[in-house]
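Understanding the architecture of this molecule
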Amino acid sequence: MATTDIQTIQRWIDTAKHVVVLTGAGISTDSGIPDFRGPQGVWTRNPAAEKMSDIHYYVTDSEVRKAAWQARLHSPAWTAKPNAGHRAIVELERRGKLHALITQNIDGLHQQAGNSAARVIEVHGTLHSVVCLDCGWKGPMQETLDRVRSGEEDPPCRLCRGMLKSDTISFGQPLVPEVIQRALTAAQETDFLLSIGTSLQVYPVASAVPYAKSAGALVVIMNAQPTPFDTIADAVLNGSISEILPRLCTPEGCKSDSQGLSE
Ligand SMILES: [Zn+2]
């Protein structure tokens, strides 16, 4: 039977040596970044928005690309600030416990919160970079957004005139095998896996959870809705991530720190 006791989980983290954290959209909603798939998600409310994230529509329809550049221009990611949940994971790294941070998010908030880029494995890429679909050139997103601001509705690659896109994995695009491999290897090396704010329905990254469990790790799942792996988890928590995570990641007995982190 999975526990929900915070102190028990704190003790597990206190004794863990190679913590792996897996995050999804749920950790960033308190920073004002909408969950695309949830009941209030952008795609649920606006099916046209989903087209912009489908590689088939993106490469075949210039109107979809123009709309996608406008959406990037006004993305909440540019003004979003990391929340107490992000900062709690920085605390795990500061304590020397964080082996890897696997994220499905493209917002860059983990690095902005202070996690070192070397620990963060972005399985769905990042909105902060642009890639040329033809020659593979990559560059910073803001430089290309400056071109959109100055009137280029669908800016082409400056090297090859090819098609540019955010360096993220759209629907219909393959994942990057080396990145997924790195994530799943980390999941097999951990003694404590913490899955936060993901419904664990997107594969292969969701299999990090059963991989960690069968390698002997303790597994804690924190998500607003049930996940398919709740039955194999050692603890399942459904409360607010930005309230609970700071308490979990602070050593037991350091109450003042915990209050500081949770604001
Ligand atoms: Zn190019």
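Right, let's walk through the structure included here. Since the structure is predicted, the reported quantities are computational estimates derived from the model, not experimental observations.

This brings us to the packing of aromatic side chains. Throughout the structure, instances matching the rule amount to 0 aromatic pairs. Against the face of Tyr-57 rests Lys-51, its NZ or CZ located 4.9 Å from the ring centre. Arg-72 extends its terminal NZ or CZ atom over the ring of Trp-69, reaching a point 4.3 Å from the ring centre.

Formed by 26 residues in total, the largest nonpolar core has its most connected members in Ile-9, Val-21, Phe-192, Ile-196, Leu-245 and Leu-248. Counting only elements with at least two residues in this core, the list comes to helix H1 (6-15), strand S1 (19-23), helix H6 (84-94), strand S2 (98-103), strand S7 (192-196), strand S8 (218-222), strand S9 (235-237) and helix H11 (241-249). Tallying contributions element by element places H11 first for this core, with 5 residues. Leaving out residues up to four positions away in the same chain, Leu-248 has contacts with Ile-6, Ile-9, Gln-10, Ile-13, Met-222 and Leu-237. Membership of the second largest hydrophobic core comes to 24 residues, among which are Leu-22, Ile-180, Ala-183 and Phe-229.

Here the focus is the coordination of the zinc ion. Between any two of four tetrahedral donors, the ideal angle at the metal is 109.5 degrees; between two of six octahedral donors, it is 90 or 180 degrees. Every protein donor of the zinc ion is accounted for by Cys-132 (SG), Cys-135 (SG), Cys-157 (SG) and Cys-160 (SG), and the metal-donor separations fall at 2.3 to 2.4 Å. For the zinc ion, the 4 donor atoms in the first shell make angles of 101 to 115 degrees at the metal, so the coordination geometry reads as tetrahedral. Spacing between the donor residues of the zinc ion along their common chain follows C-x2-C-x21-C-x2-C. On the criterion of sequence distance, the pair formed by Cys-132 in strand S4 (residues 125-132) and Cys-160 in the loop between helix H8 (141-149) and strand S6 (164-168) is long-range, its members being 28 residues apart.

Bringing helix H9 (residues 177-189) into the picture now. End to end, H9 covers 18 Å across 13 residues, agreeing with the expected 18 Å (1.5 Å per residue, within 8%). For H9, the complete set of buried residues consists of Ile-180, Ala-183, Leu-184, Ala-186 and Ala-187. The buried residues of H9 occupy an angular sector of 155 degrees when the element is viewed end-on, so they sit on one face. Exposed side chains of H9 directed beyond 90 degrees from the buried face belong to Pro-177 and Glu-178. Buried residues belonging to H9 abut S1, S2, strand S3 (120-122) and helix H10 (208-214).

Attention now goes to the sheet that holds strand S5 (residues 138-140). Across the sheet, which stays open at both edges, the 3 strands sit in the order S5-S4-S6 with antiparallel pairing between neighbours. Pairing within the sheet leaves two strands with one partner each, and these edge strands are S5 and S6. Within the sheet, the average angular offset between the axes of one strand and its neighbour, ignoring direction, is 45 degrees. In this structure, S4 lies alongside S6, joined through 5 bridges in antiparallel fashion. Residue pairing for S6: Val-130 is matched across the bridge by Ser-166. Running over the sheet, helix H5 (residues 62-73) touches S4 and S6 and is turned about 50 degrees from S6.

The rules behind the values
- Residues numbered from 1 in each chain as written.
- Predicted model: local features only at pLDDT ≥ 70, side-chain atom pairs only at ≥ 80, totals over all residues.
- Heavy atoms only, no water.
- Phe/Tyr/Trp six-rings, centres within 6.5 Å; stacked < 30°, edge-to-face > 60°.
- Lys NZ or Arg CZ within 6 Å of the ring centre and 35° of its normal.
- Core = buried A, V, L, I, M, F, W, Y, C linked by side-chain atoms within 4.5 Å.
- Buried < 20%, exposed > 50% of the residue type's maximum accessible area, 1.4 Å probe, protein only.
- Helix = DSSP H or I, 4+ residues; strand = E, 2+ residues; numbered from the N terminus.
- Contact = heavy atoms within 4.5 Å.
- Donors = N, O, S within 2.8 Å, 3.2 Å for Na, K, Ca; no water.
- Tetrahedral: all angles 85-135°; square planar, octahedral: opposite > 155°, others 65-115°.
- Expected span 1.5 Å × (residues − 1).
- Arc of directions from axis to C-beta.
- Pairing = 2+ DSSP bridges.
- Axes fitted to C-alpha atoms, helices over the stretch in contact; angles between N-to-C directions.

Read these as spatial facts, not as claims about activity.
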